[in-house]
Amino acid sequence: MNFKNLNLINPIIRAVTEAGYSRPTEIQYTVIPHILAGRDIIGCAQKGTGKTGAFALPILQLLKRHAPDHKEVRALILTPTRELAIQIEENLKMYSKYLPLSQLSIYKGVSIGSRLAALRKRVDILVATPGELLDVENQRHIDFSKIEIFVLDDVDRMLDMGLTNDIKKISNLISNKRQNLFFSAVIPGSVRHFAKTILNNPIEIIVSPAFSEVQTIKHPELKNIHKLTGDAMSVSLFHK
């Protein structure tokens with residue numbers, strides 16, 4: 001399996017190769033095709049598994065595929081911490097090296113003035129921590145109306161940090177006609193319950209220790225959950 005097998009466009013493959021990556025990780029080769037197909041996702045993977053690339057690469061391709069003349073933000077990525085926001089923005093810049101797409105991050109301690117100037121010009125992908133994003137939005141500096149893809153990274157941490165209400169406020173500002181991507185290190189009941197309030201008919205993909213058989217799981221709140229377990233990976237599909 002290599003990145004070409006995932007039907008990624010040449011500019012992305014070239015950038016990824018130059019960054020030193022020769023083949024996708026398990027979370028990447030499982031998630032990317034579903035994101036490119038426009039599906040909502042719940043992805044579960046630990047730090048260091050290539051989780052950022054799993055959503056960053058297909059987002060870049062989807063935005064490049066449909067690239068209207070615009071000034072509004074088209075993809076929003078929420079993350080719990082300044083450090084993670086910086087990391088995601090750096091990865092996006094690296095992967096989009098040969099694409100006409102721009103990124104911007106907003107987090108505590110950053111100069112808002114320079115960020116607002118960039119927003120007025122053009123930003124395709126905005127990475128932000130929820131509280132700081134709402135502070136900027138309250139000043140009417142961000143137009144959420146054209147957002148096509150909404151990403152929550154480290155959902156479990158954001159809920160543990162008490163950011164549920166902030167996330168809901170931001171979600172309510174975005175059109176329902178969007179693709180939703182949730183990524184978390186673990187998926188406790190609180191994350192799955194929260195996901196049900198935002199996601200539409202999602203596919204759940206879990207990178208976990210190897211299992212040896214296919215299992216069918218019945219969840220008290222969800223129907224038809226089929227977990228495919230295999231080489232250090234499991235995939236679940238569930239429908240509302």
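Residues numbered from 1 in each chain as written. Predicted model: local features only at pLDDT ≥ 70, side-chain atom pairs only at ≥ 80, totals over all residues. Heavy atoms only, no water.

A. Broad picture of unusual backbone geometry. At Asp 154, a residue that is not glycine, the phi angle is positive and equals roughly 55°. Judged by its relative accessible area of 11%, Asp 154 is buried. One non-glycine residue, Asn 201, adopts positive backbone phi at about 50°. Tracing the chain through its elements places Asn 201 in the loop between α9 (189-196) and β7 (203-206). Taking the relative accessible area as the measure of exposure, Asn 201 reaches 26% and is therefore partly exposed. (Buried < 20%, exposed > 50% of the residue type's maximum accessible area, 1.4 Å probe, protein only. Helix = DSSP H or I, 4+ residues; strand = E, 2+ residues; numbered from the N terminus.)

B. Main features of the side chain of Gln 103. Residue placement: Gln 103 occurs in strand β3 (residues 103-106). Gln 103 gets classed as buried once you look at its relative accessible area, which sits at 13%. Within polar-contact distance, the side chain of Gln 103 engages the side chain of Ser 96 at 2.8 Å. In this structure the side chain of Gln 103 is engaged in a polar contact, spanning 3.2 Å, whose partner is the backbone oxygen of Leu 101. (Polar contact = N/O pair within 3.5 Å; in protein donor to acceptor, adjacent residues only side chain to side chain.)

C. Region of interest: the packing of helix α6 (residues 130-138) against helix α8 (residues 164-173). One can describe the packing of α6 onto α8 by two numbers: an axis separation of 9 Å at closest approach and a directional angle of 45°. Considered as vectors, α6 and α8 are oriented oblique to each other. When the axes of α6 and α8 are compared, the crossing they make is left-handed. Residues Pro 130, Gly 131, Leu 133, Leu 134 and Glu 137 of α6 form the contact with α8, whose participating residues are Asp 166, Ile 167, Lys 169, Ile 170 and Leu 173. Residues belonging to the contact of α6 with α8 are distributed by class as follows: six nonpolar, one polar and three charged. (Axes fitted to C-alpha atoms, helices over the stretch in contact; angles between N-to-C directions. Parallel < 35°, antiparallel > 145°, perpendicular 65-115°, else oblique. Left-handed = near helix turned anticlockwise from the far one by under 90°. Contact = heavy atoms within 4.5 Å. Nonpolar A, V, L, I, M, F, W, Y, C, P; charged D, E, K, R; others polar.)

Any functional reading would require information beyond the geometric quantities listed.
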